[in-house]
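Structural features, examined
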Amino acid sequence: MSKVKIRNLLILVHLFLAAFLAPSFLLVGTTGALKLAGVTPSIEDSELTLPADTQLDPDSPTLKQDIGAILEAQNIHLDIESIRSRDGSMTTRPTSGTFARFSQTPDGLKATLHKPGLQYTLMELHKGHGPAIFKTYQMVAGIALFLVIIGGLVVGLLAKAYRRKTLVSLGLGTVAFVALGFLV
């Protein structure tokens, strides 16, 4: 296969992968910029009233089912994929949609229900706190992003007219990355 055909194939693959990744790029860029700009995402929190004798053992192998039963008794139906348990606080996952948090306090077990706004939901997806299927999509997107970048560099290096521009741009990007990230 000639260089021109390889380059044209790489351009086509680069185009398709970049278009496929556009929503993911927009999600990461938008949520990251909003976070760095200090824009606070909205979330609606409401306390749940639990029976006084409600107990949860954070180390229980049935913690997910125990929390599910407590929520069902409150007529709250969440799709709980997992529970994040840390320092006496237990949070249902995913947190990109409505989720619950239980906390062990000296006064007993406290519970809150959280309904995130759009920005909060997008940030949780960005962080990898969404549904398991979305996490799989993010892994595929990460691999595709790697291929888009490498493919773009190869395309730039294969075309004699773009080789120098590609190398200069790569060099400037690398210097900015290292200088701003590690030297400043």
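Bear in mind the structure is a predicted one, so any value in this text is a computation, not a measurement. Along every chain, residues carry numbers that run from 1 in the direction the sequence is written. Residue-level local features of this predicted model are given only where pLDDT is at least 70; pairs of side-chain atoms are given and counted only at 80 or more, and the full residue set underlies all totals for whole chains, interfaces and linings. Heavy atoms throughout the structure, all of them, feed into the side-chain values; hydrogens and water do not.

With that settled, consider the nonpolar core. For our purposes a nonpolar core is just a set of buried Ala, Val, Leu, Ile, Met, Phe, Trp, Tyr and Cys residues, chained together by side-chain atoms within 4.5 Å. The cut-offs for exposure are 20% and 50% of the maximum accessible area for each residue type, with area from a 1.4 Å probe on protein chains only; residues under the lower value are buried, those over the upper are exposed, and the others partly exposed. Residues L56, I67, L71, M90 and F102 are the most contacted members of the largest nonpolar core, which totals 16 residues. Counting from the N terminus, the helices are the DSSP runs of H or I reaching at least four residues and the strands are the DSSP runs of E reaching at least two. Considering each element in turn, this core owes the most residues, 4 residues, to helix 2 (residues 63–73). Once residues lying within four places of it in the same chain are set aside, the contact partners of L71 are L48, I76, L78, I80, T92, A100 and F102. Counting 5 residues, the second largest nonpolar core, distinct from the first, contains L17, L21, A144 and V148. Should any heavy atoms of two residues lie within 4.5 Å, those residues are counted as being in contact.

Now for helix 3 (residues 118–127). Among all positions in helix 3, only Q119, Y120, T121, M123, E124 and L125 are buried. Buried residues along helix 3 sit against helix 1 (3–36), strand 1 (43–48), strand 4 (99–105), strand 5 (108–116) and helix 4 (132–158). Phi turns positive, to about 90 degrees, at G128, one or two residues after helix 3.

The subject of this paragraph is unusual backbone geometry. As a rule of thumb, non-glycine residues mostly have phi less than zero, and peptide bonds are mostly trans rather than cis. The amide bond that connects R93 to the next residue, P94, takes the cis arrangement and shows omega of 10 degrees. Assignment of secondary structure puts P94 in the loop between strand 3 (89–93) and strand 4. A positive phi angle is found at D87, which is not glycine, with a value near 50 degrees. Tracing the chain through its elements places D87 in the loop between strand 2 (82–86) and strand 3. Residue D87 is classed as exposed on the basis of its relative accessible area, which comes to 76%.

Along the chain, the position of G108 falls in strand 5. Using a relative accessible area of 25% as the deciding quantity, one classes G108 as partly exposed. In the structure, G108 is positioned 52 residues away from L56 in sequence and 9.9 Å away in space, judged by C-alpha atoms.

Let us look at the packing of aromatic side chains. Aromatic contacts are taken between Phe, Tyr and Trp rings whose centres are within 6.5 Å, Trp giving its six-membered ring; a plane angle under 30 degrees counts as stacked, one over 60 as edge-to-face, and the others as tilted. What the rule picks out here adds up to 4 aromatic pairs. Relative to Y137, the ring of F20 has its centre 6.1 Å away and its plane inclined at 65 degrees; by these criteria the two rings are edge-to-face. Of this pair, F20 sits in helix 1 while Y137 is found in helix 4, placing the two residues 117 residues apart along the sequence. Judged by its relative accessible area of 45%, F20 falls in the partly exposed class. On the basis of an interplanar angle of 15 degrees and a centroid distance of 6.3 Å, the ring pair of F99 and Y120 is categorised as stacked. One end of the pair, F99, is in strand 4; the other, Y120, is in helix 3, with 21 residues separating them in the sequence. Here Y120 falls in the buried class, since its relative accessible area comes to 18%. Within the aromatic cluster, the residues linked to one another by ring pairs are F20, F134 and Y137.

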